[in-house]
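# Coordinate inspection notes
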Amino acid sequence: MAHSKISIEIDQNGKKTEREIEISENETYAGLLKKLGINEETVLVFNNKKPVPYDDVIDGGKIQILKVVFDQ
């Protein structure tokens, strides 16, 4: 199975961190979030600034994960 490295940006409360992570050939965004230990109910995922469904297969691009904060 082929693996590739992708760069992701995680934006949490305006604090941005960048990481590189290895993914498998048919990795989905849901799989990526699971690898990162991120609950998919707390984030939005974008690829090239467009929102993507969690069950889509990652196909390169610039991935940004935006953590959503709810005020109570």
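The coordinates are above.
Below is a summary of the structure that appears in this document.

Conventions we followed
Residues numbered from 1 in each chain as written. Predicted model: local features only at pLDDT ≥ 70, side-chain atom pairs only at ≥ 80, totals over all residues. Heavy atoms only, no water. Helix = DSSP H or I, 4+ residues; strand = E, 2+ residues; numbered from the N terminus. Buried < 20%, exposed > 50% of the residue type's maximum accessible area, 1.4 Å probe, protein only. Contact = heavy atoms within 4.5 Å. Polar contact = N/O pair within 3.5 Å; in protein donor to acceptor, adjacent residues only side chain to side chain. Salt bridge = Lys/Arg side-chain N within 4 Å of Asp/Glu carboxyl O. Core = buried A, V, L, I, M, F, W, Y, C linked by side-chain atoms within 4.5 Å. Pairing = 2+ DSSP bridges. Axes fitted to C-alpha atoms, helices over the stretch in contact; angles between N-to-C directions.

A few words on the environment of Glu-18. If you trace the backbone, Glu-18 turns up in strand E2 (residues 15-24). Among the residues examined, Glu-18 registers a relative accessible area of 52% and is labelled exposed. Taking the C-alpha atoms as reference points, Glu-18 and Val-69, separated by 51 residues in sequence, lie 19 Å from one another. Among all residues touching Glu-18, those that are not within four sequence positions of it are Ser-7, Ile-8, Glu-9 and Lys-62. Here Ser-7 takes part through its side chain, which lies 3.5 Å from a polar atom of the side chain of Glu-18.

Quick look at the pattern of salt bridges now. Tallying each qualifying case throughout the model produces two salt bridges. Glu-9 is the partner of Lys-62 in a salt bridge, and the nearest nitrogen-oxygen pair spans 4.0 Å. One end of the pair, Lys-62, is in the loop between strand E4 (50-51) and strand E5 (63-67); the other, Glu-9, is in strand E1 (residues 3-12), and 53 residues separate them in sequence. The partner of Lys-35 in a salt bridge is Glu-27, and the shortest N-O contact between them spans 2.9 Å.

Tracing the backbone through its elements, the reader meets Gln-12 in strand E1. Overall, Gln-12 belongs to the partly exposed group, its relative accessible area being 39%.

Bringing the side chain of Glu-9 into the picture now. Residue Glu-9 is classed as buried on the basis of its relative accessible area, which comes to 11%. If we skip the residues at most four places from it in the chain, Glu-9 touches Lys-16, Thr-17, Glu-18, Lys-62, Ile-63, Gln-64 and Ile-65.

Let us now look at the nonpolar core. Of all hydrophobic cores here, the largest spans 16 residues; its most connected members are Ile-6, Ile-8, Leu-32, Val-45, Ile-63 and Ile-65. Those elements giving two or more residues to this core turn out to be E1, E2, helix H1 (29-36), strand E3 (43-47) and E5. Ranked by residues supplied to this core, first place goes to H1 with four residues. Look past the residues within four positions of Ile-6 in its chain and what remains in contact with it is Arg-19, Glu-20, Ile-21, Ile-23, Leu-32, Ile-58 and Ile-63.

To continue, consider the sheet that holds E1. Strand order in the open sheet formed by five strands is E2-E1-E5-E3-E4, with mixed pairing between adjacent strands. Both outer strands of the open sheet, E2 and E4, are each paired with one neighbouring strand and no more. When E3 meets E4, the two strands line up antiparallel, connected through two bridges. Each bridged residue has a counterpart across the sheet, and for Asn-47 the counterpart in E4 is Lys-50. The strands touched by H1 within the sheet are E1, E2, E3 and E5, with E2 carrying the most contacts at an inclination of about 115°.

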